Amino acid sequence: MSLEERAKATAKNIEGKVQEAASEVTGDPKDKTEGKAKQAESEVRHGIEDVKDNVKKKID
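Residues numbered from 1 in each chain as written. Predicted model: local features only at pLDDT ≥ 70, side-chain atom pairs only at ≥ 80, totals over all residues. Heavy atoms only, no water.

1. Some remarks on the overall build of the chain
Inference 1: For the chain, the count of helices and strands is two helices and zero strands.
Inference 2: The C-alpha atoms of the chain give a radius of gyration of 15 Å, which is well past the 10 Å a tight globule of 60 residues would have.
Inference 3: Considered along the principal axes of its C-alpha atoms, the chain spans approximately 50 × 15 × 10 Å.
Inference 4: Relative to its full complement of 60 residues, the chain shows a buried share of 22%. (Helix = DSSP H or I, 4+ residues; strand = E, 2+ residues; numbered from the N terminus. Rg over C-alpha atoms; globule rule 2.2 N^0.38 Å. Buried < 20%, exposed > 50% of the residue type's maximum accessible area, 1.4 Å probe, protein only.)

2. As for the pattern of salt bridges
Side chains that differ in sign of charge can pair as their charged atoms come close.
Inference 1: This structure, assessed with the given rule, holds ten salt bridges.
Inference 2: A salt bridge links Glu5 to Lys8, with the nearest nitrogen and oxygen atoms 3.7 Å apart. Linking Glu5 with Lys8, this pair stays in helix α1 (residues 3–26), spanning three residues, or about one helical turn.
Inference 3: On the accessibility criterion, Glu5 (28% relative accessible area) is partly exposed. (Salt bridge = Lys/Arg side-chain N within 4 Å of Asp/Glu carboxyl O.)

3. Here's the deal with the UniProt feature "domain: CsbD-like" (unreviewed entry) in the chain
Inference 1: Following the UniProt record, the feature "domain: CsbD-like" (unreviewed entry) maps to residues 5–57 here.
Inference 2: In residues 5–57, the share of helix is 96% and the share of strand is 0%. The end C-alpha atoms are 18 Å apart. (UniProt positions renumbered as here; feature names shortened; annotations may be inferred.)

Structural data, given as structure tokens:
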């Protein structure tokens, strides 16, 4: 497990949530879309780290 990669993914998720919340205030649909995309990217990154962890457990 790469703690650094998980931290980056979590930061990306938070960034996306903040951007999405800001879009509610500004009314900018582009910000909302970008915020949701960042959150989705974070989920993918976490999924990749989960796969890496599972492969490592199988090898060990």
